[in-house]
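# Summary of structural features
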Amino acid sequence: MSSAEKYDFKAIERKWQRRWSEWGLFRAVEDPSRPKFYYLDMFPYPSGELHMGHMRNYIIGDVIARYKHMLGYNVLHPMGYDAFGLPAENAAIQHGMHPRVWTEQCIQRMRRQFDMLGISFDWEREIRTCAPEYYRWNQWFFLKFYERGLAYRRPAPVNWCPTCETTLADEEAERGYCWRCSTPVEKRWLEQWFLRITAYAERLLRDLDLLEHWPERVKVMQRNWIGRSEGVEFDFELDGIGEKVRVFTTRIDTVYGVTFIVLAPEHPLVPKLIERSPRRSELHAAVQRMLSRSIEERSSEEVEKEGAFLDAYAIHPLTKEPVPVWVANYVLMEYGTGAIMAVPAHDQRDLEFARKYGLDVRVVIKPPGAELDPKQMERAYVEPGVMVNSAQFSGMDSERAKEAIADYMEQIGVGRRSVQYRLRDWLISRQRYWGTPIPIVYCDGCGIVPVPEEQLPVLLPPDVKITGKGGSPLSQVPEFVNTRCPRCNASAKRETDTMATFVDSSWYFLRFCDPHNDEAPFSSEAVDYWMPVDQYVGGIEHAVLHLLYARFFTKVLYDMGLVKTSEPFTRLFTQGMIYHESYYCRRCRTYRRPEEVKAERTDEGGRVVRCGVCEDEVEIGMDKMSKSKLNIVTPDYVCEQYGADTGRLFILFIGPPEQDAEWNPQGIEGVYRFLNRLWRLVNEHLSDYIPDWRDRLGEFKPSLDGAQRGLRRKLHQTIKKVTDDIEGFGFNTAIAALMELLNEVQSFASSMRPKGEPEGFADRVVLSEAMELMQVVLHPFAPHITDELWERLGKVGSVYQQRWCEADEEAAREEVQVIVVQVNGKVRDRLTVPVGTPEDELRKLALNCKGVQAHIAGRKIERVIVVPNRLVNIVVR
RNA sequence: GGGCGAGUGGCGGAAUUGGCAGACGCGCCGGACUUAGGAUCCGGUGGGCUAUGCCCGUGGGAGUUCGAGUCUCCCCUCGCCCACCA
């Protein structure tokens, strides 16, 4: 065999990337005559460079986008940068560099990586959220929200990250820690802007049911986050004080068991009640102690319940009995009404509190056929049961009593059914520079005045000293702050906070439809054509943040008549994260890069990794790739050593895409070998290729021999499998199937008969079909090598322009099959029979076959189970 | 505490959804070609045994079934989400 030309992936990849770009191959143009397919990846934050986690995301997307294009869809596959945000500002502080410059550098690096990977993005549609042409529409939407009462400013206790020196939305304060830097979050009281997402709570919840093609996990997370609960709201009169306390409960069936009520420490009535009390200084101190607890402490597990009696009594609205009023740390101001009715017999928290402070316990629900002793019980009885001590409701089933009591309270006018949500309004004010200025002016005379639409954008001033200290950087730029009131022209001051960057990403998918529009955020023609996004892919970490905000925005825009879809993303796929070892040196108090540590083998065969600087043993972690942990692996090395096509195959071959994976480059050789074998196969058989194999196949079909039919069978089975696997995100198994196919093509090619003989010619016809169609089905995965081989087969253009192949069902059909013969469920023999052999024939063959005889001899055959096309199981005793 | 998901060779992972467990690949072992092999090709590779065959084997235990990695129940381990939410 002649020594074939080497697989020079570098030259090949460069050549094809240049051509695709010259040809404008991936440009998307609206075309109502063709079905559209909008594929979207979550756009990256330009924090430096792409890592394997990004690569996984974008290669999945590229396979789907290319495949859909080859199926005949008009594909929109855009990319951009979520370019505002804190890291750019931090980098600016650290390196004395303007955030714009830093961001621009990151974008350039990432763009080079995208190009290197050969992804089919339409770069004509690139967007950057930090460009005035983009963020002016953030401001425009803000004004529209404001007009509709969906944006408002209020003083509020907010989550404050002391490290980032800015506020955080509830969604960003994960269990009391900042989502970016993990610093414990503090409470602060500030005037802040909010978007009224709670007005959409019900629709955001209800419409989750429409999202059939979203992972259940994400929907569950959103449901939990919205946290809807149904119950009853009613008031307790405070005895002799002339005030009322409103409470909310989901357990109105326990209302006759109320023995006290509890207010949150922040409840507005607490100071009033303390004022009236003879023990006011003592109570004041107690409440201060509760208030001083940080969110972190309050939300950590097993916080001791703490409270104080407020020297006041409330009148139970049904029994008219007085019950004591307490204040306690376990009641949250943010949820419900900030006050609860306490039923210690039927709520564990209330029971613990009652036991600690010696309060009454009153049983109103009994377990069926058992008694509860209010003095002895250690666990609250929270199951349904039989009502007792509950006036006219005694004896009733508690589940039914829930409805009956609610009806009764509504009838006599002391309460009403109500629904509570855990979801809070979305805090969007950030005391940072690198974001969209909030288009509001404060005028002494006119108050809060929105900037008129025609004055947009409110530009971010370029020269700002960013120190990371002292609140909003914009407040230190007099030229920005001092302005005129748009209404009365008096001197006025601008809002100096900027918007949370999640605003930017809440509608970017709409901008991609019409990215260069300078009259409007987008035209309705473009959006009506492309929306909704048919397939959205990104990380699970956005399950409640971005994905909830984007749904909210879409619904508001729908109500404004700007879009026709009320849900933006038809199908969602959340890919697993890529983990990699990180090395933390305690002594140096810093993470170390892999090249900064030394690994040693211990005598027991274990591994010790030492810091390259101080020689101390480092802590080995397994973390999601991130810049801060210095454990990033970029696609560059892989592309340099093996090429983009190998890298693409490998990142998909690593495992199922929805599963997390550890980065381990060991298997990369395998896919590299696969591409090399394909390269050699085609190049060594270029002279065997018969361009008109399709016509020739017609002639030869009736006379193909077993090996030839076998190869065609494998080929067409593989086409079917790869098609199904792409549809089902089974990229790893699709690649495995292509490897199997190549193995068979290779062995077929090596045993072909001489070209001059008729059989030899037929061999080449069959080989040609396989060589050609393999390029088509492999193309979405490895676009460069397939385009190169395509050209060497004498074709023009790119495989991307070809129609996806359809499997020839007839060729794919098996002729014979292996039937497993079991005795009592254990495999004893195998039968090779023609497909479709009738049941009784199989039974007969099975009972007579050699491997079975020894196992059935002298035993009674009880049953014979025949599963057509699969097996025969002989049951003996 | 509640909810969701996972656990398969030395490793990453397959398994037509109840029908041959371990596809494909890595690694390893042996061979061929070679001055050489870290290139390529061929063969082998779950464990055990009295070895052309038989037994065991998908975190552990029970169950349903002719038949269970797959279904049911209990338990263990890990991951994620929510969590003093009234």
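In what follows, the accompanying structure is described. (Residues numbered from 1 in each chain as written. Chains lettered and ligands numbered in written order. Predicted model: local features only at pLDDT ≥ 70, side-chain atom pairs only at ≥ 80, totals over all residues. Heavy atoms only, no water.)

### Observations concerning the sheet that holds strand β33 (residues 826-834)
Think of a sheet as strands paired side by side through backbone hydrogen bonds, with each pair either parallel or antiparallel. Strands sit in the order β33-β32-β35-β34 across an open sheet of four strands; the sheet is mixed. The open sheet terminates on both sides in strands that have one partner only, identified here as β33 and β34 (861-867). For this sheet the average axis-to-axis angle between neighbouring strands, irrespective of direction, equals 15 degrees. Where strand β32 (residues 816-823) and β33 come together, eight bridges link them in antiparallel fashion. Across the sheet, residue Gln822 finds its bridge partner in β33, namely Val827. Here helix α26 (residues 839-848) sits on the sheet in contact with β32, β33, β34 and β35 (871-876), set at roughly 125 degrees to β34. (Pairing = 2+ DSSP bridges. Helix = DSSP H or I, 4+ residues; strand = E, 2+ residues; numbered from the N terminus. Axes fitted to C-alpha atoms, helices over the stretch in contact; angles between N-to-C directions. Contact = heavy atoms within 4.5 Å.)

### Quick word on empty space enclosed by the protein
All chains considered together, the criterion is met by three cavities of 30 Å³ or more. The calculated volume of the largest cavity comes to roughly 210 Å³. Forming the walls of the largest cavity are 19 residues, and the residues nearest its centre are Gly85, Leu86, Arg180, Arg430 and Thr501. Looking at the lining of the largest cavity, the elements that each hand over two or more residues are α3 (86-95), β4 (166-168) and β23 (498-499). It is β4 that provides the largest number of residues to the lining of the largest cavity, a total of three residues. Within the lining of the largest cavity, the residues separate by chemical class into eight nonpolar, six polar and five charged. (1 Å grid on protein atoms, 1.4 Å probe; cavity = no way out; pocket = protein on both sides within 12 Å on 5 of 7 lines; lining within 4 Å. Points joined across faces, edges and corners; volume = space filled by probe spheres on them. Nonpolar A, V, L, I, M, F, W, Y, C, P; charged D, E, K, R; others polar.)

### A closer look at the protein's contact with RNA strand B
Close to RNA strand B lie 50 residues; Thr249, Thr250, Lys305, Arg349 and Arg422 are nearest. The share of sugar and phosphate among atoms of RNA strand B within 4 Å of the protein is 59%. Taking Asn743, its side chain carries an N or O atom lying 3.4 Å from a phosphate oxygen of RNA strand B. For RNA strand B, a phosphate oxygen lies 3.4 Å from a polar atom in the side chain of His855. With six residues, the single largest contributor to the surface near RNA strand B is helix α22 (residues 731-750). Along the lines of polarity and charge, the residues of the surface near RNA strand B split into 20 nonpolar, 15 polar and 15 charged. (Near = heavy atom within 4 Å. Polar contact = N/O pair within 3.5 Å; in protein donor to acceptor, adjacent residues only side chain to side chain.)

### Here's the deal with unusual backbone geometry
Cis peptide bonds are those with omega within 30 degrees of zero, and the linkage from Leu456 to Pro457 qualifies with 0 degrees. Cis geometry is found at the peptide bond from Met531 to Pro532, where omega equals 0 degrees. Its place among the elements puts Pro532 in the loop between α15 (524-530) and β24 (535-539). Backbone geometry places Asp311, a non-glycine residue, at a positive phi of 60 degrees.

### A few points about the nonpolar core
Residues Tyr38, Trp426, Tyr508, Phe509, Phe552, Phe553 and Phe781 are the most contacted members of the largest nonpolar core, which totals 194 residues. Considering each element in turn, this core owes the most residues, eleven residues, to helix α23 (residues 758-778). One finds Leu318, Val323, Leu359 and Ala401 within the second-largest nonpolar core, a separate group that totals 61 residues. (Core = buried A, V, L, I, M, F, W, Y, C linked by side-chain atoms within 4.5 Å. Buried < 20%, exposed > 50% of the residue type's maximum accessible area, 1.4 Å probe, protein only.)

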